[in-house]
Amino acid sequence: MLLDGKIILITGASRGIGQATAVQLAKEGARVIIHGRSKESLTETKNQIEHLTSYQPFEVIYDVRDESEMRFSFQQIKKQFGYLDGIVNNAGIMHEALSGMLPKESLQEMLDVNVIGVLNHIQLASRLMLKQKKGSIVNISSIIGTNGAEGSVGYSATKAAVVGISRSAAKELGERGIRVNAIAPGFINTDLTKHYEGYKKEKVLSKITMNRFGQAEEIANVIVFLMSDLSSYVTGQVIGVDGGMVI
Ligand code: NAP
């Protein structure tokens, strides 16, 4: 298997891309640590992993905006495993609004979850990776962060920040054996995009070369590659997984 015994934390593993990623990584032999906001929210992910593998995933529970709970969870991870091989910074939110109508609270919440949350996780995770001078960090950005989209000025700012963070962290951590990459998904079938229906969906589909939304597993498969030794010389990249989308 590609990820035999690798210890990998996935944030936002309760549903969508995070859930699919946790399951795919576990199927490839990783000892996954699944993160959620409540134990109940992780039940389905946990059940899927236990059903497909003999592994019982380790769980960490906190809101990514709660730095002290996050730090406590990393202490638990250190106690349990001693180090980390990988982290997938996936937890994220999207509030859509035209630039003149974006409430400050919505922007602040996106900054706290999508930017500060990612930075805090990189700090804590890289400390656990430095010990073995090896690790892979994957941050989930978005095509809206790389290319922009109407009605997404706040969200695109946070996802563009994820690109900058990923490239800078890659430069800082490369000589210590830690690779940092970002994925920029296009439109993926999850709760985040379920409000895209009718004309709104047709408009987006017309810009996707493959003429369909992607599946969460199609993002997870690229994450498997980035977590594996197959990508041992890949760092500082932003990998588009978008069915050939042009915004
Ligand atoms: P989703 O189905 O809405 O799942 C979002 C995940 O993030 C959930 O596990 C959620 O936990 C978690 N989360 C949100 N706020 C949190 C907080 N404050 N603390 C802890 N966890 C929090 O979305 P998704 O589509 O899978 O998106 C996953 C990532 O991909 C996000 O970063 C998103 O921006 C990015 N992305 C998605 C698409 C797409 O088309 N779907 C495209 C580009 C990028 P709860 O279950 O507790 O709410």
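Above this note sits the structure.
Residues numbered from 1 in each chain as written. Predicted model: local features only at pLDDT ≥ 70, side-chain atom pairs only at ≥ 80, totals over all residues. Heavy atoms only, no water.

Trainee: I keep staring at the pattern of salt bridges and nothing clicks. Help me out?
Mentor: For side chains of opposite charge, pairing can occur when their charged atoms come near one another. Counted under the stated rule, the structure contains 11 salt bridges. Across the pair E59 and K39 runs a salt bridge whose closest N-O atoms are separated by 2.9 Å. Here the residue E59 occupies a position in strand β3 (residues 58–61), and K39 occupies one in the loop between β2 (31–36) and α2 (43–52), the gap between them amounting to 20 residues. For R212, the salt bridge identified is with E218, shortest N-O distance 2.8 Å. The exposure class assigned to R212 is partly exposed, which follows from its relative accessible area of 37%. (Salt bridge = Lys/Arg side-chain N within 4 Å of Asp/Glu carboxyl O. Helix = DSSP H or I, 4+ residues; strand = E, 2+ residues; numbered from the N terminus. Buried < 20%, exposed > 50% of the residue type's maximum accessible area, 1.4 Å probe, protein only.)

Trainee: Is there a simple way to think about the packing of aromatic side chains in this case?
Mentor: Two aromatic rings are characterised by how far apart their centres lie and by the angle between their planes. The tally for this structure, following the rule as stated, stands at three aromatic pairs. Aromatic side chains F187 and Y196 sit 5.1 Å apart centroid to centroid with 75 degrees between the ring planes, which places their arrangement in the edge-to-face category. Classification of F187 by relative accessible area gives buried; the value is 8%. The ring of Y196 has K200 sitting right over it, with the charged end atom 4.5 Å from the ring centre. The ring of F213 has K201 lying over it, and the distance from NZ or CZ to the ring centre is 4.7 Å. (Phe/Tyr/Trp six-rings, centres within 6.5 Å; stacked < 30°, edge-to-face > 60°. Lys NZ or Arg CZ within 6 Å of the ring centre and 35° of its normal.)

Trainee: Can you help me understand the site of the ligand in this one?
Mentor: Around the ligand, 29 residues are found, and the nearest of them are S14, N90, Y155, I188 and T190. Considering the ligand on its own, with 890 Å² of exposed area, one finds that the protein chains cover 94% of that surface. Of all the elements in the fold, those that place two or more residues in the shell around the ligand are α1 (16–27) and α6 (153–173). Class assignment of the residues belonging to the shell around the ligand gives a composition of 12 nonpolar, 11 polar and six charged. (Near = heavy atom within 4 Å. Areas by Shrake-Rupley, 256 points an atom, 1.4 Å probe, with all protein chains shown as cover. Nonpolar A, V, L, I, M, F, W, Y, C, P; charged D, E, K, R; others polar.)

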